[in-house]
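Residue-level structure breakdown
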Amino acid sequence: MRRSWNLLLGLTLVLGCAASASAQTTGSINGTITDNTSAVLPGVTVTATSPAMMGSQTAISNEQGQYRFPSVPPGTYKLTYEMQGFSSVVRDGIIVNIGFAATVNIQLQLASLQESVTVSGQSPVVDVQNTNAQFNFTTEMMQSIPNARDIWSLIGEAPGMMVTRFDVGGSRAGTQTGFSAFGFSGQIRAQIDGVNTTEGTGAAGFYYDYGSFEEIQLGIDGNDASSTTPGVQLNAVIKSGGNQFRGNFYMDFENGSLQGRNVDDRLRRLGIGEGSRITKYMDPNGDVGGPIMKDKLWYFTSWRNQRIGTTVSGFPVEAPSDFEFLTRLQNGTYKVTYQLSPNNKIGHYVQLGRKLQPHRDAGTTAYFDSVFKQDSVSYAGNVDWNSIVSPQFFFTARLATFGYNWPDRPYGADGSLNANLAMRRRDQASGNTVGAFNARRNDRRRIQADWTATYFKDDWMGGSHAFKFGFVTEREGQIFKDEGFVDALRVIYNSTAVGARDFTTPFRVEIRNTPRFAENYTWHDGAFLTDQWTLGPRLTLNLGIRWDYYSSFYPEEDILPGIYRDFFYAGRPLPNGYSIPATPYASTFTVPGRSGIERYPALFAPRVGAAWDIFGDGKTVLKGNWGRFYQNTGLAGGDVNPLQALTYTFNWNDLNGDRIFQTNEFQRPAEPSPGALYARTSVR
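Residues numbered from 1 in each chain as written. Predicted model: local features only at pLDDT ≥ 70, side-chain atom pairs only at ≥ 80, totals over all residues. Heavy atoms only, no water.

With that out of the way, let us pick up the overall build of the protein chain. Broken down by element type, the protein chain carries four helices and 42 strands. If one aligns the C-alpha atoms of the protein chain with their principal axes, the spans along those axes are about 110 × 60 × 45 Å. Burial statistics for the protein chain: of 684 residues in total, 53% are counted as buried. As displayed, the protein chain offers around 29,300 Å² of accessible surface, 55% of which is attributable to carbon and sulfur atoms. (Helix = DSSP H or I, 4+ residues; strand = E, 2+ residues; numbered from the N terminus. Buried < 20%, exposed > 50% of the residue type's maximum accessible area, 1.4 Å probe, protein only. Areas by Shrake-Rupley, 256 points an atom, 1.4 Å probe, with all protein chains shown as cover.)

Next up on the list: the pairing of strand E31 (residues 439-460). Bridge count between strand E28 (residues 393-410) and E31: 16 bridges; the pairing is antiparallel. The residue of E31 that forms the bridge with Asp408 is Arg440. Summarising the sheet, E31 and strand E32 (residues 463-484) pair through 20 bridges and their orientation is antiparallel. Along E32, the bridge assignment pairs Tyr455 with Phe467. As consecutive antiparallel partners, E31 and E32 are separated by two residues, and within that stretch Met461 has a phi angle of approximately 55 degrees, a positive value. (Pairing = 2+ DSSP bridges.)

Looking now at the pairing of strand E3 (residues 45-49). Sheet analysis places E3 next to strand E4 (residues 56-60), joined by five bridges and oriented antiparallel. Bridge pairing links Thr49 to Ser56 in E4. If you look at the hairpin formed by E3 and E4, you'll find six residues sitting between the two strands, and Gly55 has a positive phi there, around 65 degrees. Two strands pair when backbone bridges link them, and E3 and strand E6 (residues 75-82) are joined in this way by five bridges, in the antiparallel orientation. Note on E6: the bridge partner recorded for Thr45 is Glu82.

So, on to the pattern of salt bridges. Within the structure shown, the criterion is met by 20 salt bridges. For Arg446, the salt bridge is made with Glu476, and the minimal N-O distance between the two is 3.1 Å. Separated by 30 residues along the polypeptide, Arg446 in strand E31 and Glu476 in strand E32 bring together distant segments of the chain. The burial state of Arg446 is the same as that of Glu476; both residues are buried. In this structure, Arg512 and Glu510 form a salt bridge, with 3.0 Å as the shortest nitrogen-oxygen distance. Residue classification places Arg512 among the partly exposed positions, given a relative accessible area of 21%. Connected via shared salt-bridge partners are Arg149, Asp283 and Arg304. (Salt bridge = Lys/Arg side-chain N within 4 Å of Asp/Glu carboxyl O.)

As for its position among the elements, Thr540 is in strand E36 (residues 539-554). Residue Thr540 is classed as buried on the basis of its relative accessible area, which comes to 3%. Contact partners of Thr540, with chain neighbours within four places excluded, come to Val128, Gln129, Thr131, Gln532, Trp533, Thr534, Gly609, Ala610 and Ala611. (Contact = heavy atoms within 4.5 Å.)

This part covers the sheet that holds strand E14 (residues 189-192). Spatially, E11-E18-E19-E14-E15 is the arrangement adopted by the five strands of the open sheet, whose pairing is mixed. Each edge of the sheet is formed by a strand with only one pairing partner; in this case those strands are strand E11 (133-138) and strand E15 (195-196). The pairing of E11 with strand E18 (residues 213-221) spans six bridges and is classified as antiparallel. Among the inter-strand pairings, Ala133 is bridged to a residue of E18, identified as Asp221.

According to the stated counting rule, one finds 35 aromatic pairs in the structure shown. Between Phe206 and Phe402 the ring centres are 6.4 Å apart and the planes differ by 15 degrees, which places this aromatic pair in the stacked class. Placement of the pair is Phe206 in the loop between strand E17 (203-204) and E18 and Phe402 in strand E28, with a sequence separation of 196 residues. An identical accessibility class is assigned to Phe206 and Phe402; each is buried. Here the aromatic rings of Tyr208 and Phe213 are separated by 6.1 Å at their centres, their planes lie at 65 degrees, and the arrangement is edge-to-face. Owing to a relative accessible area of 6%, Tyr208 belongs among the buried residues under this scheme. The exposure class assigned to Phe213 is buried, which follows from its relative accessible area of 2%. Within the aromatic cluster, the residues linked to one another by ring pairs are Tyr367, Tyr493, Phe503, Tyr564, Phe567, Phe568, Tyr578, Tyr648, Phe650, Trp652, Phe661 and Phe666. Residue placement shows Arg425 over the ring face of Phe503; its charged tip is 4.8 Å from the ring centre. (Phe/Tyr/Trp six-rings, centres within 6.5 Å; stacked < 30°, edge-to-face > 60°. Lys NZ or Arg CZ within 6 Å of the ring centre and 35° of its normal.)

Spatially, the five strands line up as an open sheet ordered E4-E3-E6-E7-E10, and their pairing is mixed. If you trace the sheet from one side to the other, it starts and ends with E4 and strand E10 (116-119), each paired once. Strand-to-strand, the axes of this sheet are offset by a mean angle of 25 degrees, without reference to chain direction. (Axes fitted to C-alpha atoms, helices over the stretch in contact; angles between N-to-C directions.)

We now examine the environment of Gln134. Along the polypeptide, Gln134 turns up in strand E11. Its relative accessible area of 5% is what places Gln134 among the buried residues. A C-alpha to C-alpha distance of 7.0 Å links Gln134 and Gln217, two positions 83 residues apart in sequence. Looking at Gln134, its side chain comes within polar contact range of the main-chain nitrogen of Gly219, at 2.8 Å. (Polar contact = N/O pair within 3.5 Å; in protein donor to acceptor, adjacent residues only side chain to side chain.)

It is worth spelling out the environment of Trp298 at this point. Mapped onto the secondary structure, Trp298 falls in strand E24 (residues 297-315). In this structure Trp298 comes out as buried when scored by relative accessible area, which is 2%. Residues Trp298 and Val336, 38 residues apart in the sequence, show an inter-C-alpha distance of 5.6 Å. Side-chain polar atoms of Trp298 contact the backbone oxygen of Gly242, separated by 3.5 Å. Looking at Trp298, its side chain comes within polar contact range of the side chain of Asn243, at 3.0 Å.

As for its position among the elements, Trp652 is in strand E41 (residues 647-652). Separated by 18 residues in sequence, Trp652 and Ala670 have C-alpha atoms that sit 9.4 Å apart. Among residues more than four places away in sequence, those in contact with Trp652 are Val491, Ile492, Tyr493, Pro506, Phe507, Arg508, Val509, Arg659, Ile660, Phe661, Glu665 and Gln667. A distance of 2.7 Å separates the side chain of Trp652 from the side chain of Glu665, its partner in a polar contact.

The next subject is unusual backbone geometry. Most peptide bonds take the trans configuration, and most residues that are not glycine carry a negative phi. Across the junction of Phe315 and Pro316, the peptide omega takes the value -10 degrees, indicating a cis bond. Checked against the element boundaries, Pro316 lands in the loop between E24 and strand E25 (321-341). Omega for the bond connecting Thr514 with Pro515 falls within 30 degrees of zero, at 5 degrees, which places this linkage in the cis form. Of note, Pro515 is situated in the loop between strand E34 (506-512) and strand E35 (516-535). Even without being a glycine, Asp193 presents a positive backbone phi close to 50 degrees. Note on placement: Asp193 falls in the loop between E14 and E15. By relative accessible area, Asp193 is classed as buried at 4%. Despite not being glycine, Ala488 shows a phi value in the positive range, around 60 degrees.

In this section: the confidence of the model for the protein chain. Within the protein chain, residue pLDDT values average 89, and 94% of them lie at 70 or more. Ranking the helices and strands of the protein chain by mean pLDDT puts strand E30 (residues 433-434) first, with 98, and strand E1 (residues 5-15) last, with 45. In this model residues 1-10 is a low-confidence stretch, pLDDT under 50, and it forms 36 contacts with partners more than four residues away in sequence or in other chains. Per-residue pLDDT stays below 50 along residues 674-683; that stretch engages in 23 contacts with residues further than four places along the chain or on separate chains. (pLDDT = per-residue confidence, 0-100.)

Dropping the structure here:
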């Protein structure tokens, strides 16, 4: 068993920025209430209202003068403090972000002629309790930052993070970008309203509806025990409508006349090109939301339809031009929120995403029928229940799903789709490729259930405690079918003669084990417990431990009939007499299922953090973290599944000189190359 883990140690000085707990969709408000002598005041009624919240929430300060609203949606809040014999106090403009604990301490004065006092002050901007490094993008920030409208561009703006490429004017739209946090990449978890939409272990599952998000939170470093993996924790919350009907519309437009040119005729004569240029870019994105029943039932819906056209010089090889390479990214989102009671809320959403590229792989070395059409659809959705059982205890329960259907379809020699397919040929001398792509389909499914809770215990063991605990169970699967090239082979030419046309000098032939159908799955169970232990007004400890269980497997699978099935699996020789040893599946062509692949039965990971409010004013906090993180194994069964992609390459002796391969023209092996796992080829 491989035990792969990361040990992270961090020390952060936080001045005026949010640093909050990970993997949440809500925030919290807390504080201490005192009188004019600085004595604590129990029994104060505190009421919280916000356009982001249905109705209002009420809390009563305890014997230590403490009050809290443990779970509130991100938004701007108004707090009213009332107690008989004291003037009421109103604090407005309290901003709460995802996972942010806003600490608002208040002093009440004895009642006088002035019965109500509105206290102005800056909203808390530093979380003095949580100890990880996070960064939040609110709706206002996402609307005002002058960058591309995708999560990778936001990641490039966050402190401590780097991206490998930037989208300039739509130049990278439809292509995911690599990123890292403090030099660490991969092992991410990308969540929409708590739904895990991670593809594999290091990519997002689809291209999101940017305009649907209320807020996006990036957990960069030092995440607590609620986080499963050491990489970036991305949490996005979808808008929830409101008590007022509202709508928004956004539009981007760009064409060739809006782009500058920095390559003049002199540079062109030297062979310097301009690269890809945008032919047309459009990004209409609209949303509508409001009440079905005021303070009871809200709805929100959003639509997006990006169109990106870029030039591909030299495609197709048979008729070179400035071909327009088209990408369409389309989204549809809806969300409904229902208030069962003042302390119980149910939410449900679905977000769909479609990516269409009719001529994927178009380039200067591709003939028209060598490219393929990608038309994939992704989805994510959930049903969640938020319940405040008492001022000391609340929980969130969630059932969720994520997946995609991703077919790639080839073109025929006459331009038809998935019909009249020609043999795949590549000329090594020119690098040009002609003939039909291998039709394939890649489908992913994940089902997720999780439950998290927080229990508050005040004035115990020398401080106040917020015990956070929960569990998650996930089953993920990937189903892949590769129809293969025509005749399960690719013919290679090497037309090096001066003036020779493509595909005139036979060289080699590559055979493949297609058609091929494979399945791989993994179970993940996890649980955590943390104690946020506040020792006095300036020091908070975050102590936690996490347990995870990973187990990958694949079921019983059939080896599909194919031209070279018996060669790859049954030891049958080719016409040239060459063979490889038979596999254990030769008699039945059935691969038995296997479980316990990359099985991690007991991964216990401690996490420790501390936050010290240096001056006691909630503005400058010193935070430190230490933690162990184990890696998500992903669909590790693909590494050992016998139905992975296999190829063998042979020299080609064109016996009849017709430059068309026949099976009696195999010579000795040239480059045997079994491997090339399909599970690793998930470039979106």
